[in-house]
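# Fold and contact review
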Amino acid sequence: MTTDKLISEIRKKNSFLCVGLDVDLDKIPNFLLEEEDPIFSFNKAIIDATHNYAVAFKPNTAFYEAYGIKGWKSLEKTINYLNQTYPEIFTIADAKRGDIGNTSSRYAKAFFEDLGFDSVTVAPYMGRDSVEPFLEFNNKHTILLALTSNEGAYDFQTKKIEGETVYTQVLKTSKNWKNSENLMYVIGATKAEHLAEVRKIVPNSFLLVPGVGAQGGSLTEVCKYGMTPDISLLVNSSRGIIYASNQLNFAEAAAEEAKNIQLQMKAILDGIR
Ligand SMILES: O=C(O)c1cc(=O)[nH]c(=O)n1[C@@H]1O[C@H](COP(=O)(O)O)[C@@H](O)[C@H]1O
């Protein structure tokens, strides 16, 4: 999907919500466990119920890899369902990959070509030649971890090297890589106070912002410091939406949560128009 198309979907739906499909068989409603593919049945119901309120869906591959081949099949069915039924939805494979060049090329092929995702999350730690293979794909997006939402972000990302934090160096350096227009960045919602600094370096790039909902980040703060005239934000919530209920009404409850966030987003967008 092109960035322009993503921006136009955000404007059309008054939403920059990304629903995280982090499916755990211990948390989904018990009655779904009798289905042939409980993960896909759960995802299909969640996607159908929430797609009007969201512009993106993000399966985190760990939750599928944990179930071996069966899990990968559920992931493949989920992305195929999204691409066929809701082609206007932006899809993110949250796989946090990155390796030496020829290996990264294989990861890129797996997520962009074979599975057909619009984007994949990638770790910057191995540097330019580990990321550029992902950037070669037209209209596919590489979402580079910059400042993550977890506590461990303070171990390395905010440390200074030669007077500058590591995460701002990630932002600055990656801007010079080949096809860097295909980059987006992860900035955790729990680190909203850093967004003003981030925007000084990448004023127009899309940011994937996880950490509202279960991790306690504030949507208002994220928008105050991170929003651009083209919005350029995708705010993710996973557990807060998909596990709103584990009863028969789980999909309706998820829709209600997604709608609540979408209404807050609409109010923020109305306020800046
Ligand atoms: O890359 C990510 O999506 C990510 C980066 C980050 O800094 N923090 C973070 O929580 N995530 C992912 O975003 C999702 C957050 O889930 P919830 O905390 O349940 O909303 C999980 O899939 C995390 O792996």
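Just so you know, these numbers come straight off a predicted model, no measurement behind them. (Residues numbered from 1 in each chain as written. Predicted model: local features only at pLDDT ≥ 70, side-chain atom pairs only at ≥ 80, totals over all residues.)

### Here's the deal with the overall build of the chain
Counted only if it meets this: A run of DSSP states H or I qualifies as a helix once it reaches four residues; a run of E qualifies as a strand once it reaches two. Both are numbered from the N-terminal end. Between the two quantities, the radius of gyration covers C-alpha atoms and the globule rule is 2.2 Å times the number of residues to the power 0.38. For the exposure call, what matters is how many other C-beta atoms sit within 10 Å of a residue's own: 20 or more marks it buried, 12 or fewer exposed, and in between partly exposed, using C-beta atoms placed from the backbone. Distance between backbone-placed C-beta atoms decides contact: two residues are in contact if it is within 7 Å.
Counting its secondary structure elements, the chain contains twelve helices and ten strands. In summary, the chain has a C-alpha radius of gyration of 18 Å against a globular reference of 19 Å for 273 residues, a match within 12%. Counting over 273 residues, the chain shows a buried share of 48%. Considering only contacts in the chain between residues 6 or more positions apart, those separated by 24 or more positions represent 71%.

### So, the UniProt feature "domain: Orotidine 5'-phosphate decarboxylase" (unreviewed entry) in the chain
What counts, and what does not: UniProt positions are given in the numbering used here, feature names are shortened, and annotations may be inferred rather than shown by experiment.
Cross-referencing UniProt, the feature "domain: Orotidine 5'-phosphate decarboxylase" (unreviewed entry) maps to residues 16–254 in the present numbering. With 39% helix and 19% strand, residues 16–254 has end C-alpha atoms that lie 16 Å from one another.

### Observations regarding the site of the ligand
What counts, and what does not: By definition, a residue lies near a molecule or strand provided its backbone-derived C-beta atom is within 6 Å of it. Charged residues are taken to be Asp, Glu, Lys and Arg, nonpolar residues to be Ala, Val, Leu, Ile, Met, Phe, Trp, Tyr, Cys and Pro, and polar residues to be all remaining types, Gly included.
If you check the shell around the ligand, you find 20 residues, and the closest are Thr 148, Ser 149, Pro 210, Ser 238 and Arg 239. Secondary-structure elements contributing two or more residues to the shell around the ligand are strand S10 (233–237) and helix H11 (239–242). Counted by class, the shell around the ligand contains three nonpolar, 14 polar and three charged residues.

### Thoughts on the nonpolar core
As a reminder of what qualifies: Buried Ala, Val, Leu, Ile, Met, Phe, Trp, Tyr and Cys residues form a nonpolar core when they are connected through C-beta atoms within 7 Å.
Membership of the largest hydrophobic core comes to 82 residues, with the highest contact counts inside it found for Leu 17, Cys 18, Leu 144, Ala 146, Tyr 185, Val 235 and Ala 254. Filtering out sequence-adjacent residues up to four positions away, Val 235 remains in contact with Phe 16, Leu 17, Cys 18, Ala 189, Val 209, Val 212, Leu 219 and Val 222.

### Section: the UniProt feature "active site" (unreviewed entry) in the chain
What UniProt calls "active site" (unreviewed entry) maps, in this numbering, to Lys 96. Mapped onto the secondary structure, Lys 96 falls in strand S3 (residues 90–97). What Lys 96 contacts, discounting residues up to four positions off in sequence, is Thr 121, Ala 123 and Leu 145.

### Here we look at the pairing of strand S9 (residues 207–210)
Walk down a regular strand and you will see the side chains alternate between the two sheet faces. Under the convention used in this document: If DSSP finds at least two bridges between two strands, the strands pair. Think of it like this: strands point away, you trace from the first strand over the helix to the second, and a clockwise trace means the crossover is right-handed.
Residue alternation in S9 divides its side chains into two sets, Leu 207 and Val 209 and Leu 208 and Pro 210, and both sets are buried. Taken together, the two bridges between strand S8 (residues 183–187) and S9 define a ladder with parallel strand orientation. Paired with Tyr 185 across the bridge in S9 is Leu 207. For the segment spanning S8, helix H9 (residues 195–201) and S9, crossover handedness is right-handed.

### So, the environment of Leu 17
Among the structural elements, Leu 17 can be located in strand S1 (residues 17–21). Note on Leu 17: 27 C-beta atoms within 10 Å, which makes it buried. Through-space distance from the C-alpha of Leu 17 to that of Asn 246 is 22 Å; in sequence the pair is 229 residues apart. Dropping the residues within four chain positions of it, Leu 17 is found in contact with Tyr 53, Ala 54, Val 55, Val 235, Ala 258, Ile 261, Gln 262 and Met 265.

### Some points on the environment of Ile 143
Checked against the element boundaries, Ile 143 lands in strand S5 (residues 141–147). The class for Ile 143 is buried, based on 25 C-beta atoms found within 10 Å. Note: C-alpha distance between Ile 143 and Ala 123 (20 residues apart in sequence) is 8.5 Å. Setting aside chain neighbours within four positions, we find Ile 143 in contact with Ile 92, Ser 119, Val 120, Thr 121, Val 122, Met 184, Tyr 185, Val 186 and Leu 208.

### Concerning helix H12 (residues 250–272)
The periodicity of an α-helix, 3.6 residues per turn, causes residues three or four places apart in sequence to face the same way. Stated formally: In this scheme, a helix's expected span is set at 1.5 Å multiplied by one less than its residue total.
For H12, with 23 residues, the first-to-last C-alpha span of 34 Å sits near the 33 Å given by 1.5 Å per residue. Within the sequence span of H12, burial applies to Phe 250, Ala 251, Ala 254, Ala 255, Glu 257, Ala 258, Ile 261, Gln 262 and Met 265. Those residues of H12 that are buried lie in contact with S1, helix H2 (38–50), helix H10 (219–226), S10 and H11.

### As for the sheet that holds S9
Threshold: Interaxial angles span 0 to 180 degrees and are taken between N-to-C directions of axes, which are lines fitted to C-alpha atoms, for helices over the stretch in contact.
Strand order in the closed barrel formed by eight strands is S1-S2-S3-S4-S5-S8-S9-S10, with parallel pairing between adjacent strands. Adjacent strand axes in the sheet meet at a mean angle of 30 degrees when their direction is disregarded. Where S9 meets S10, four bridges bridge the pair, whose relative direction is parallel. The partner of Pro 210 across the bridge, within S10, is Asn 236. Helix H8 (residues 166–174) rests against S5 and S8 of the sheet, and its axis sits at about 150 degrees to S5.

### Some remarks on the packing of helix H5 (residues 101–114) against helix H6 (residues 128–135)
Here is the rule: Throughout this description, any angle smaller than 35 degrees is read as roughly parallel, any larger than 145 degrees as roughly antiparallel, any in the 65 to 115 degree range as roughly perpendicular, and the remainder as oblique. For a crossing to be left-handed, the near helix must be turned anticlockwise from the far one by less than a right angle; the clockwise case is right-handed.
At a minimum axis separation of 8 Å, H5 and H6 run at an interaxial angle of 30 degrees. Taken together, the axis directions place H5 and H6 in an arrangement best described as roughly parallel. Note on packing geometry: the crossing formed by H5 with H6 is right-handed. Packed against H5, whose contacting residues are Gly 101, Ser 104, Ser 105 and Ala 108, the element H6 presents Asp 129, Ser 130, Pro 133 and Phe 134 at the interface. Residue composition of the contact of H5 with H6, by class: three nonpolar, four polar and one charged.

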